[in-house]
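Geometric and topological summary
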Amino acid sequence: MFTNTARRQLAIISSSSTIRSSKYRLFSEAVKSKPSRIRRSLDPIILTENAANRIKELLETENAKGAVGIRLGVKRRGCNGLSYTMNYAFQDPESIAEMEKDEKMEAYGIKVYIEPKALFNVVGTTMDWTEDELTSEFTFSNPNSKGECGCGESFNV
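First things first, this report covers the structure right here in the doc.

1. Notes on the sheet that holds strand β6 (residues 125-131)
With mixed pairing, three strands are arranged side by side in an open sheet as β1-β6-β7. Looking at which strands have only one partner, the edges of the open sheet turn out to be β1 (45-47) and β7 (136-141). Averaged over neighbouring strand pairs, the angle between their axes works out to 25 degrees when direction is ignored. Sheet topology places β6 next to β7; six bridges connect them, and they run antiparallel. Across the sheet, M127 pairs through a bridge with F140, a residue of β7. Sheet contacts for helix α2 (residues 49-59): β1, β6 and β7; angle to β6, the most-contacted strand, approximately 70 degrees.

Right under this line is the structure:
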């Protein structure tokens, strides 16, 4: 048998647990109904307008028939360790399998696929097209580069 005081305490305990569980339900419903946060990802490289225009010109040539963009990578070569590679990105079955793993970005209407192995080395790089009296070339300003060779063909990170 419960005394009146014990009955009142049981009633308070059971009502407070009901309140707590209803507050929890309200909180969990509010969390579920909260709109998902849209996360803006930054492009791994910066493509200048000059570079994009030159790539558009290259993609319109006979050699680039069927290309959907460019594929950027790095290879171990040169006197300082790493060198940039640039190839056309085609939509044939072999290329599609490779491009599935690539980091994709688009700038000025140009699709750029960055190889997974190269991503660490090129993050933050600015790709530009420069023309002067002696040369016309793509240039890469890489903030991660610790050194370059004298001719500018290779770099190290």
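2. Structural notes on the packing of aromatic side chains
The full count for this structure, using the stated rule, is three aromatic pairs. For the pair W129 and F138, a centre-to-centre distance of 4.8 Å together with 65 degrees between the ring planes defines the contact as edge-to-face. Overall, the relative accessible area of 13% leaves W129 in the buried class.

3. Examining the nonpolar core
If you look at the biggest cluster of nonpolar residues, it comprises 20 residues, and the most contacted ones within it are I45, L47, I55, V112, I114, M127 and F138. Among residues more than four places away in sequence, those in contact with V112 are I45, L47, I70, E103, K104 and M105.

4. Things to note about α2
Residues of α2 that are buried: A51, A52 and I55. Along the axis of α2, the buried positions cluster into a sector of 100 degrees, meaning they face one direction only. Contacts from the buried residues of α2 go to β1, β2 (67-76), β4 (103-107), β5 (110-114), β6 and β7.

5. Description of the pattern of salt bridges
Two side chains with opposite charge may pair up if their charged atoms get near one another. Within the structure shown, the criterion is met by four salt bridges. Between D102 and R71 there is a salt bridge, with its nearest N and O atoms 2.6 Å apart. With D102 in the loop between α3 (93-99) and β4 and R71 in strand β2, this residue pair connects regions lying 31 residues apart in the sequence. The residues D102 and R71 share a single accessibility class, namely buried. Taken together, the salt bridges that share partners define one network made up of R71, D102 and E115.

6. Concerning the pairing of β2
Judged by how many residues are buried, β2 sits mostly within the fold: seven of ten residues are covered. Across three bridges, the pairing between β2 and β5 is parallel. Along β5, the bridge assignment pairs I70 with V112.

7. Notes on a negative patch on the surface
Residues E131, D132, E133 and E137 make up a contiguous surface patch of negative charge. Checked against the element boundaries, D132 lands in the loop between β6 and β7.

Thresholds, definitions, all that
- Residues numbered from 1 in each chain as written.
- Predicted model: local features only at pLDDT ≥ 70, side-chain atom pairs only at ≥ 80, totals over all residues.
- Heavy atoms only, no water.
- Pairing = 2+ DSSP bridges.
- Helix = DSSP H or I, 4+ residues; strand = E, 2+ residues; numbered from the N terminus.
- Axes fitted to C-alpha atoms, helices over the stretch in contact; angles between N-to-C directions.
- Contact = heavy atoms within 4.5 Å.
- Phe/Tyr/Trp six-rings, centres within 6.5 Å; stacked < 30°, edge-to-face > 60°.
- Buried < 20%, exposed > 50% of the residue type's maximum accessible area, 1.4 Å probe, protein only.
- Core = buried A, V, L, I, M, F, W, Y, C linked by side-chain atoms within 4.5 Å.
- Arc of directions from axis to C-beta.
- Salt bridge = Lys/Arg side-chain N within 4 Å of Asp/Glu carboxyl O.
- Patch = residues over 30% accessible without salt bridge, like charges linked within 9 Å, V, L, I, M, F, W, Y side chains within 5 Å.
- Areas by Shrake-Rupley, 256 points an atom, 1.4 Å probe, with all protein chains shown as cover.
- Lys, Arg positive; Asp, Glu negative; His and termini not counted.
- Charge placed at Lys NZ, Arg CZ, Asp CG, Glu CD.

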